[in-house]
Amino acid sequence: AGAGSATLSMAYAGYVFTENALKAMRGEDVVQCAYVESDLTDAEFFASPVKFGKDGVEEILPLGELSDYEKSWFDKMLPELKKQIQKGQDFVNK
């Protein structure tokens, strides 16, 4: 376990996120996707483009236009995402 491409992909994603967070802390403008507390949807948390700066999250950017196809899948996904968020919050608050 831990030697496949999925592990390498997660490790690389962590590296890129950390590298960009450090750039933002140095004052560079950085926009990257992040799963954050958000009011873009009915879900309490959502992944979207986020502008980072010296003090962390500066702005949660909009998703942009969704096609009818994307919107239909988005609408199907959202209730399950909200359930998973609640499950995580229940676990943390035990």
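In short, a report on the structure. Everything numeric in this text was worked out from a predicted model, so none of it was measured.

Throughout the structure, instances matching the rule amount to 4 salt bridges. The salt bridge involving K83 is made with E80; its shortest N-O contact spans 4.0 Å. Of the two residues, K83 and E80 both sit in helix α2 (residues 68-92), 3 residues apart, roughly one turn of that helix. Taking the relative accessible area as the measure of exposure, K83 reaches 54% and is therefore exposed. Note on E80: relative accessible area 39%, which makes it partly exposed.

Overall, the coordinates contain 5 aromatic pairs when judged by the stated rule. Ring geometry for F17 and F52: centres 5.8 Å apart, planes at 90°, overall edge-to-face. A residue pair is termed long-range when its members are at least 10 positions apart, and F17 in helix α1 (residues 5-25) and F52 in strand β2 (residues 45-53) qualify at 35 residues. If you follow K76 out to its NZ or CZ, it ends over the ring of W73, 4.5 Å from the centre.

Attention now goes to α1. For an α-helix, 3.6 residues make a turn, and residues three or four places apart therefore share a direction. Its 21 residues give α1 an end-to-end C-alpha distance of 30 Å, which sits within 8% of 30 Å, the value for a rise of 1.5 Å per residue. The first or second residue beyond α1 is G27, which carries a positive phi of 105°.

Now for α2. Compared with the 36 Å implied by 1.5 Å per residue over 25 residues, the 36 Å span of α2 between its first and last C-alpha is a close match. Bending of α2 peaks at approximately 30° at the position of M77, with proline P79 no more than four residues after it. Looking at α2, one finds that the buried residues are F74, L78, L81 and I85.

The rules we used
- Residues numbered from 1 in each chain as written.
- Predicted model: local features only at pLDDT ≥ 70, side-chain atom pairs only at ≥ 80, totals over all residues.
- Heavy atoms only, no water.
- Salt bridge = Lys/Arg side-chain N within 4 Å of Asp/Glu carboxyl O.
- Helix = DSSP H or I, 4+ residues; strand = E, 2+ residues; numbered from the N terminus.
- Buried < 20%, exposed > 50% of the residue type's maximum accessible area, 1.4 Å probe, protein only.
- Phe/Tyr/Trp six-rings, centres within 6.5 Å; stacked < 30°, edge-to-face > 60°.
- Lys NZ or Arg CZ within 6 Å of the ring centre and 35° of its normal.
- Expected span 1.5 Å × (residues − 1).
- Bend = angle between axes of the 7 residues up to and from the residue.

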